[in-house]
Every structure is written in C-alpha cells, then in structure tokens.
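# Secondary and tertiary structure notes
Each chain, letter by letter, is given below.
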Amino acid sequence: MRYLIIGAGAVGGTVGGRLAQAGREVVLVARGRHLAALRAHGLRLRVPEGESTYRLPAVDGPGPLGELRADDVLVLAVKTQDTVAALDAWADVPVAGGGTAAERLPLVCLQNGVEGGRLALRRFRHVHGVCVWLPSTFVEPGVVSAAGTPLTGILHLGRVPHGTDDTARRIAADLADARFEAPVVPDVARWQYAKLLGNLGNALEALSGPVTGGDAEELYARVRAEGEAVLDAAGIAYASVEEQRAARGDKVTLVPLDGAPRGGGSSWQSLVRGTGTIEADHLNGEIVLLGRLHGVPTPLNALLQRLANRFARERRPAGSLPVTELVRLADEAAHQGG
C-alpha cells in the first residue's frame, strides 16, 4: 500500500518518516514553508536513535498525483479544524479502475478527538479512526521529532463508528514494522473518548504552561471531572485510566533529544507557531456540546475553549496566562454555572 500523509506535521510527519524507514511507500502532503523544506531537503526525523532524512514525494494536494492508485491509503493528520478543507480536496479525486477516493479508498483519521471521523463519514465510505498516543513535535519547517522509545507511539485502530476489517489489520502490520504498536480494536471510539479526557488539559497547558504543581493539576482534575460527568450522562463508554496505563506500560518512554526540545502538546505548539487556530472547539468544545445536549453544566471546559480560541486568534504567546489568574477565572465561571 502507498500512504498519502495529508498533513505531514508533527504526528503525520513522524508516522510518514517511520513508515518510509520501514520500506513503505509514502507521499507527504504539506503547505507553505514546510512543503518547501520537504521538497528542498527531505523530511528530517529526529528520534532517540538519531536523525534521519527521508527524500519523499511532497505535494500540496492531489493535483500533482493525478489519478490515485487502488492501493492508496489516505492518512488524515491535519488538525480537526482543517478537516473539512482536506476532505473537500481529496474526496472526488479519481482512482484507477473507476470511482473516487471517497468511494473506494480507506481514510485513516490520525487526529485527536472524535469529530474528524464523523466529518469524514459524511464524505468517505471507508473510514478508520485512531487513538493517537504519539508524543511528537514540529521543530521547524522540514523537521519533526518524536522522543518515544522503545516504541515511537501506540495507535489503537478500528473502523468508524465500530468494527474491524482486513484493511485495518494490514495497516496495523505496516505500523508495527515502523516502531509503533497498533492494536486493531472493534471499539476505537472508546479509546478515543478516553484520550479526549486527557486532551482536555491541552488548552490549560497552552494558556498557562505545563500542567504541573498544585494549582494546575487541581484545575485539570476539575476540568476532567466535568468531562467524565458529561460522557457518563451521554452513555458514552471510555477506557479507564487503569486500562490505558496497562496498554501503554513503559512502551513509550520519552528521552531528551538534542536540538529538539519537547515544548508541549499539540495546542501549545499551535500557539507557538502562531497558526491562528487551535483544536479547542473539538476537545473542550466536544464536552461543551455533549453537556448542552444532555443537560450537564460545563463552565470550566467552556472557559478553556473560549480562552484558547482567543489566544490563537490574537496570536498570544503560549503559556502567557498566569495559572493563578486562570484558576480565578475558572472559580468565577463555576460560580456562575453554565
């Protein structure tokens, strides 16, 4: 199979680089300065065993590829807020032998949250979801890093909304050869919702820095408790903390990488890069949406969603809101309810 990595940033670039290292055929899809660097110098992937450069085809969309192959796999690794544009670009591309990408090709949503898969199902027939456990960083245009060892990441994989198939198992086998563990599960959403609860701290980290120390950890616990209450009210199952810990064990241990500091998660990196957008609508905002649908107040997640969007829109520095001020705003929001 040939893997088309749509959004070859931190996560997509790491998966694409590792697949290429394992001998799989990979095409990177990127834009702007990152695309220019990939074309000029290749993809530089920094991992614990060193830095490698992969000279891979790099394009800005489907146009340069022409007709797609029947064995292509579309790996959607853009942020959720960029999903619709990506689906629009790729859905109607013709495939050799007849039909379109949306009709014939598997689309793998390598994204945080759950909304990407739902959006994809509106356009694509064969959608797979992934619970992404892959600490990685966009270092600079053309350069990504992943500090996990002995495995680079753990990627639970399954059909959306549920089930498994031979395609998922073939993809998982390729990922296993590329230093990932990729369990094929019939209930991938259960793992994605569990990851979503962890991702509720992404906005907190982006706004006020690492979620360490009493104030930050206590605030995150309150934010997560809101999320758990909402999922319980909605009847949505999610893997427990203990189940996640057992699945991960010590398989992905982070080590320091020279020239590739681990500055923070995906939302933090969005603010650092000044992209102007952030994932909060599909992380904290997912909890807010479900809370409104099921009558559960979510004032803390609504606050983080609103502040994260404002920081992204106004391109404010990551970590620039003192955590004491954020706690004060959270206490005020909780008192007002909503």
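The structure under discussion appears in the preceding block.
A short tour of the structure in this document, coming up. (Residues numbered from 1 in each chain as written. Predicted model: local features only at pLDDT ≥ 70, side-chain atom pairs only at ≥ 80, totals over all residues. Heavy atoms only, no water.)

## Here we look at the overall build of the protein chain
Heads up, the condition is: Numbering of helices and strands runs from the N terminus, with a helix taken as a DSSP run of H or I at least four residues long and a strand as a DSSP run of E at least two residues long. The size measure is the radius of gyration over C-alpha atoms, and the globule rule it meets is 2.2 Å times the number of residues to the 0.38 power. The classification of residues rests on relative accessible area computed with a 1.4 Å probe and restricted to protein chains. Under 20% of the type maximum is buried, over 50% is exposed, and intermediate values are partly exposed. Residues count as neighbours in contact if any of their non-hydrogen atoms are within 4.5 Å of one another. Every accessible area reported is derived by Shrake-Rupley at a probe size of 1.4 Å, with residue values counting cover from the shown protein chains alone. This count recognises Lys and Arg as positive and Asp and Glu as negative, with His and chain-terminal groups excluded. Every charge is mapped to an atom, namely NZ of Lys, CZ of Arg, CG of Asp or CD of Glu.
Helix and strand counts for the protein chain come out as 14 helices and 14 strands. Taken against the 2.2 N^0.38 rule, which gives 20 Å for 338 residues, the C-alpha radius of gyration of the protein chain at 19 Å falls within 12% of a compact globule. Oriented by its inertia axes, the alpha-carbon framework of the protein chain measures out at about 60 × 40 × 40 Å. Put simply, the protein chain has 338 residues, and 55% of those count as buried. For the protein chain, the share of sequence-separated contacts (at least 6 apart) that also reach a separation of at least 24 residues comes to 72%. When the accessible area of the protein chain is evaluated, it comes to approximately 14,000 Å², of which 52% is carbon and sulfur surface. Within the protein chain, one finds 36 positive and 37 negative side-chain charges whose respective centroids are separated by 4 Å.

## Thoughts on the sheet that holds strand β8 (residues 126-133)
Backbone hydrogen bonds hold the strands of a sheet together, and the pairing may be parallel or antiparallel. Cut-off, in case you're wondering: Strands are labelled as partners when DSSP assigns at least two bridges between them.
Taking strand neighbours across the sheet as the criterion, the eight strands line up as β5-β2-β1-β6-β7-β8-β12-β13 in an open arrangement whose pairing is mixed. What marks the edges here is a single partner per strand, and that holds for β5 (58-59) and β13 (180-181). Inspection of the sheet shows strand β7 (residues 106-109) paired to β8 by four bridges, in the parallel sense. Within β8, the residue paired with Leu-107 across the bridge is Val-127.

## Considering helix α3 (residues 83-90)
What counts, and what does not: An arc is given here, and it is the one of the directions from the helix axis to the C-beta atoms.
Those residues of α3 not exposed but buried are Thr-83, Ala-86, Leu-87 and Trp-90. Projection of α3 onto a plane perpendicular to its axis shows the buried side chains occupying an angular sector of 100°, all on one side.

## Some points on the side chain of Asn-202
The condition is simple: Pairs of N or O atoms within 3.5 Å make up the polar contacts considered here, provided that, within protein, one atom can donate a hydrogen while the other can accept it, and that residues adjacent in sequence are counted only when both atoms are side-chain atoms.
Structurally, the position occupied by Asn-202 is in helix α8 (residues 202-208). Polar side-chain contacts of Asn-202 include one of 3.4 Å to the side chain of Ser-266. Excluding residues within four positions of it along the chain, Asn-202 makes contact with Asn-112, Ser-266, Ser-267 and Leu-283.

## Describing the packing of helix α12 (residues 284-294) against helix α13 (residues 299-313)
In a packed pair of helices, the relevant descriptors are the angle between the two axes and the axis-to-axis distance. The following threshold applies: For helices, the axis comes from a line fit to the C-alpha atoms of the stretch in contact; other axes are also lines fit to C-alpha atoms, and the angle between any two N-to-C directions lies between 0 and 180 degrees. For classification purposes, angles smaller than 35 degrees are called roughly parallel, those larger than 145 roughly antiparallel, those between 65 and 115 roughly perpendicular, and all remaining angles oblique. In this scheme, a crossing is called left-handed if the near helix is turned counterclockwise away from the far one by less than a right angle; it is called right-handed if the turn is clockwise. For this scheme, ten residues count as nonpolar: Ala, Val, Leu, Ile, Met, Phe, Trp, Tyr, Cys and Pro. Four count as charged, namely Asp, Glu, Lys and Arg, and the remainder, Gly too, count as polar.
With their axes 8 Å apart at the nearest point, α12 and α13 run at an angle of 135° to one another. With respect to α13, the axis of α12 lies oblique. Here α12 and α13 pass one another in a crossing that is left-handed. Contact with α12, carried on its side by Asn-284, Gly-285, Ile-287 and Val-288, involves Asn-301, Ala-302, Leu-304 and Gln-305 of α13 and no other residues of that element. Its residues assigned to classes, the contact of α12 with α13 shows four nonpolar, four polar and no charged.

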